[in-house]
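Structural characterization, general
As a plain string of letters, each chain reads:
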Amino acid sequence: MTSGLVETPVLIVGGGPAGLTASLLLSRHGVDSLLIDKRIDASPLPRARGVHSRAMEILRVCGVEPDLRKVELPITPGAEWRADLTSPPLREDVLSAGPTTVSPCEGLSVSQDVFEAVLRDHAHGYAHAQLRPGTLLDSFHPVGDGVVATVVEQASGRRVQVRARWMIAADGARSGVRRHLRVAMNGPDDLGQQTMIAFRADLSALTGSRPRGIYFLTATATATATGAALIWTHADDRWVISQPGPIAADEDPAAVVRRILGVADLTVQVLATSHWTAGAQSAAQYAQGPVFLAGDAAHRFPPAGATGVSAAMHDVHNLAWKIAAVVGGHGSQQLLDSYAAEREPVGRRNADETGTAWMRIFNGNAAPFSGRGLAQLDMGYQYTSPVVVGDGSPDTDPPNADYQPTATPGCRAPHLWLADGTSTIDLFDQRFVLLTAEPGHAWRDAAAHATGVPVDSHVITEPNWPSLYGVAPDGAVLVRPDGHVAWRSRTSSTDPVKDIQTALTTSTGS
Ligand SMILES: Cc1cc2nc3c(=O)[nH]c(=O)nc-3n(C[C@H](O)[C@H](O)[C@H](O)COP(=O)(O)OP(=O)(O)OC[C@H]3O[C@@H](n4cnc5c(N)ncnc54)[C@H](O)[C@@H]3O)c2cc1C
């Protein structure tokens, strides 16, 4: 029996990185939301252990970064190949995605359970957010201008109806919402099975106090697979080993750990064992009516390059301000439609790149990798939807690209340290922002008189701002609340009022 009816503008299904970030961002935009997650406890498997610079920029703007830095693992960035953990390094690779010259934030190494706990605390801190753990989405159907969902409070069995204007399906790789909507996934669903063993052991004598980001241990390699990966996950001596294929049914996981590490007498406490299959897929549709797919529900990447959590957060960063603009009366359905138009190509690109990288790592054939660099994957995607006003500049995200900061419309507005010690990135939060240098006063006057869309105006006095943003000193750049460039004028205009108003109208689809 169903009791009660809850009404909310946005129902968020799933309290992983995508759902929690959606809750946080909607709250910052002043939009109420209800987040449900069927889980009560954290998984014993740590899953992700990496968040890149762009996701950290989002969390910096939300004020979450300092709390995450307190729980960060002091790893030595990069990868190291050894035969086993007792052997000297065969090879080393530096894999940092976030050089500090292009971002105010370095990437973060922390296990996903710890990361989510910090995010959850911050999401809880907003009156706009309701978070209900232990609550399962049972079913939903469209009604008029939204959805009606039936959710089940698992402890009591109570069934509640939720009426929402929009629903964000952040319910993970096995998304029930996606299945219900019959949205197909494109791309390979089986790039090889892995066994993951989470364990506790003191390895400090072999790794030092600042272990490598990842160790590839090759002694167990075969002709078709490159041995095991070892990752430090928690400061209290917790680690994870992932190795291709299943382990023998009669083999003790602790013995597998000792064999792979090459330490026969190691004291090992196995915490969990699981099997998972790497896939490189992206959904054929990212939205259907009032339902948006985000995070792993929309795409599934192998952990080569560790982009899963970051991309989940980028998805909802793109979406939250658009929902807020519609709630605030200055965004249209076309703006909401741009979520799928902008994020689907990025999901497809990331699936292709990480799938190729994964096969290179785990197929025993380390052919030269000719894909985009990690920083390009993380920060270099360019949106080309109807709500971005292109200026005829060439494509900034071709295959093989390495990240070069650019304010080409559709791109992430570049980071620049400002005189007060803040970054340009800190300016992009809840409203559109017009950036000009001192001579751009006509643009500023025009923005002050613009109607319909709230816009802030900032004068950037740093002398290298015009060249970094690709404008003359009397040019202007309009940046969206998600930090992507909406429009740019390289120089002054004869009619700045009309130009700014047109740019704002186009960028909000109104
Ligand atoms: C072994 C492994 C290693 C990985 N390593 C990395 C890495 O190093 N870096 C990285 O970035 N990514 C990594 N990933 C990927 C990363 O874990 C995911 O990309 C990330 O969790 C996606 O976040 P999400 O919020 O979209 O989904 P999830 O984190 O899966 O969250 C989905 C949530 O939805 C809830 N849910 C599902 N169905 C319902 C329902 N019907 N009702 C209510 N709630 C529901 C679930 O309980 C869950 O909490 C790894 C993944 C695996 C499996």
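Before reading further, recall that the structure is shown in the block above.
Read on for a plain summary of the structure. (Residues numbered from 1 in each chain as written. Predicted model: local features only at pLDDT ≥ 70, side-chain atom pairs only at ≥ 80, totals over all residues. Heavy atoms only, no water.)

A short note on helix H8 (residues 308-327)
Threshold: In this description a helix means any DSSP run of H or I spanning at least four residues, a strand means any run of E spanning at least two, and both kinds are numbered starting from the N terminus. To estimate the expected span of a helix, count its residues, drop one, and scale the result by 1.5 Å. The cut-offs for exposure are 20% and 50% of the maximum accessible area for each residue type, with area from a 1.4 Å probe on protein chains only; residues under the lower value are buried, those over the upper are exposed, and the others partly exposed.
In this model H8 runs 29 Å from its N-terminal to its C-terminal C-alpha over 20 residues, within 8% of the 28 Å that 1.5 Å per residue would give. With 17 of 20 residues buried, H8 is to be regarded as a mostly interior element. Of the residues trailing H8, Gly329 is marked for its positive phi of about 90°.

Some thoughts on the sheet that holds strand E18 (residues 299-300)
Basically, it comes down to this: We call two strands paired when DSSP finds no fewer than two bridges between them.
The strand order across the open sheet built from 3 strands is E9-E15-E18, with neighbouring strands paired in antiparallel fashion. Edge positions in the sheet fall to strand E9 (185-186) and E18, since each has one partner strand and no second. Of the strand pairs in this sheet, E9 and strand E15 (residues 281-283) are connected by 2 bridges, and their pairing is antiparallel. By the bridge assignment, Asn186 is partnered in E15 with Ser282.

Quick word on helix H4 (residues 112-124)
To keep things clear, this is the line we draw: The arc refers to the directions leading from the helix axis to the C-beta atoms. Residue contacts follow a heavy-atom distance rule, with two residues in contact if any of their heavy atoms lie within 4.5 Å.
Between its terminal C-alpha atoms H4 stretches 18 Å, which fits the 18 Å expected from 13 residues at 1.5 Å a residue. The set of residues buried in H4 consists of Gln112, Phe115, Glu116, Val118, Leu119, His122 and Ala123. One face of H4 carries all of its buried residues, which in axial projection span an arc of 160°. Buried residues belonging to H4 abut helix H1 (17-28), helix H2 (53-61), helix H3 (65-70), strand E5 (129-133) and H8.

Here we look at the pairing of strand E7 (residues 146-153)
Walk down a regular strand and you will see the side chains alternate between the two sheet faces. Of all 8 residues in E7, 8 are buried; the element is thus mostly enclosed. With 8 bridges joining them, strand E6 (residues 135-143) and E7 adopt antiparallel strand pairing. Bridge pairing in E7 places Thr135 opposite Glu153. Taking the residues between adjacent antiparallel strands as the criterion, E6 and E7 are bridged by 2 residues, where Gly144 takes a positive phi near 40°. Of the pairings in the sheet, the one linking E7 to strand E8 (residues 159-169) comprises 6 bridges and is antiparallel in character. Note that in E8 the partner of Val151 across the bridge is Val160. Count of turn residues in the E7/E8 antiparallel hairpin: 5 residues, of which Gly157 carries a positive phi of about 80°.

Here's the deal with the environment of Val459
Structurally, Val459 can be placed in strand E20 (residues 455-459). Leaving out residues up to four positions away in the same chain, Val459 has contacts with Thr436, Ala437, Glu438 and Arg444.

Let's talk about the site of the ligand
Counted only if it meets this: By convention in these notes, a residue is near a molecule or strand provided one of its non-hydrogen atoms lies within 4 Å of it. For the purposes of these results, a polar contact is taken to be a pair of N or O atoms within 3.5 Å, where, inside protein, one atom must be able to donate a hydrogen and its partner to accept one; residues adjacent in sequence count only when each atom of the pair is a side-chain atom. Here the open area of atoms and residues is found with the Shrake-Rupley method and a 1.4 Å probe, where only the protein chains shown may cover a residue.
Not every one of the 29 residues close to the ligand is listed here, only the nearest: Asp37, Arg47, Gln112, Asp296 and Val309. Backbone polar atom of Gly308 to an oxygen atom of the ligand: 3.0 Å apart, as the coordinates give it. Across the complex, the protein chains shield 88% of the 990 Å² of accessible surface that the ligand would expose by itself. Broken down by secondary-structure element, the contributors of at least two residues to the shell around the ligand are H1, E6 and H8.

Describing the sheet that holds strand E13 (residues 238-244)
The condition that has to hold: Think of each axis as a best-fit line through the C-alpha atoms, taken over the contacting stretch in the case of a helix, with angles from 0 to 180 degrees between the N-to-C directions.
Judged by pairing direction, the sheet is mixed, and its 7 strands sit side by side in the order E4-E3-E11-E12-E13-E10-E14 without closing on themselves. The sheet is open, and its two edges are formed by strand E4 (91-93) and strand E14 (269-277), each paired on a single side. The average angle at which neighbouring strand axes cross in this sheet is 20°, direction not considered. Note: strand E3 (residues 76-82) against strand E11 (residues 212-217), 5 bridges, orientation parallel. Bridge pairing links Ala79 to Ile214 in E11. Against the sheet, helix H7 (residues 253-261) engages strand E10 (193-200), E11, strand E12 (228-234), E13 and E14, with an angle of about 95° to E10.

Description of the packing of aromatic side chains
Definition in use: Only Phe, Tyr and Trp rings are paired, with Trp represented by its six-membered ring, and only when their centres lie within 6.5 Å; those with planes under 30 degrees apart are stacked, over 60 edge-to-face, the remainder tilted.
Inspection of the entire model under this criterion finds 8 aromatic pairs. Plain terms: the ring middles of Phe292 and Tyr339 are 5.7 Å apart, the flat faces sit at 90° to each other, and that makes the pair edge-to-face. Pair noted here: Phe292 is in strand E17 (residues 291-293) and Tyr339 is in helix H9 (residues 333-362), with a separation of 47 residues, a long-range link. Taking relative accessible area as the criterion, Phe292 reaches 2% and is therefore assigned buried. For Tyr339, a relative accessible area of 0% corresponds to the buried category. Aromatic side chains Trp465 and Tyr469 sit 5.3 Å apart centroid to centroid with 35° between the ring planes, which places their arrangement in the tilted category.

Observations regarding the environment of Glu344
For Glu344, the position within the fold is in helix H9. A residue is classified by how much of its surface remains accessible, and Glu344, at 15% relative accessible area, is buried. A sequence separation of 151 residues divides Glu344 from Gln193, and the C-alpha atoms of the two residues are 26 Å apart. Ignoring anything within four residues of it in the chain, the contact list for Glu344 reads Ser282, Ala283, Tyr286 and Tyr339. Reaching out from Glu344, the side chain makes a polar contact with the side chain of Arg348 at a distance of 2.8 Å.

Observations regarding the side chain of Asp84
Among the structural elements, Asp84 can be located in the loop between E3 and E4. Within polar-contact distance, the side chain of Asp84 engages the side chain of Thr86 at 2.6 Å. Among the polar contacts made by the side chain of Asp84, one reaches the side chain of Ser87 at a distance of 2.8 Å. Discounting residues that sit within four places of it in the chain, Asp84 has contacts with Leu217, Ile260, Leu261 and Gly262.

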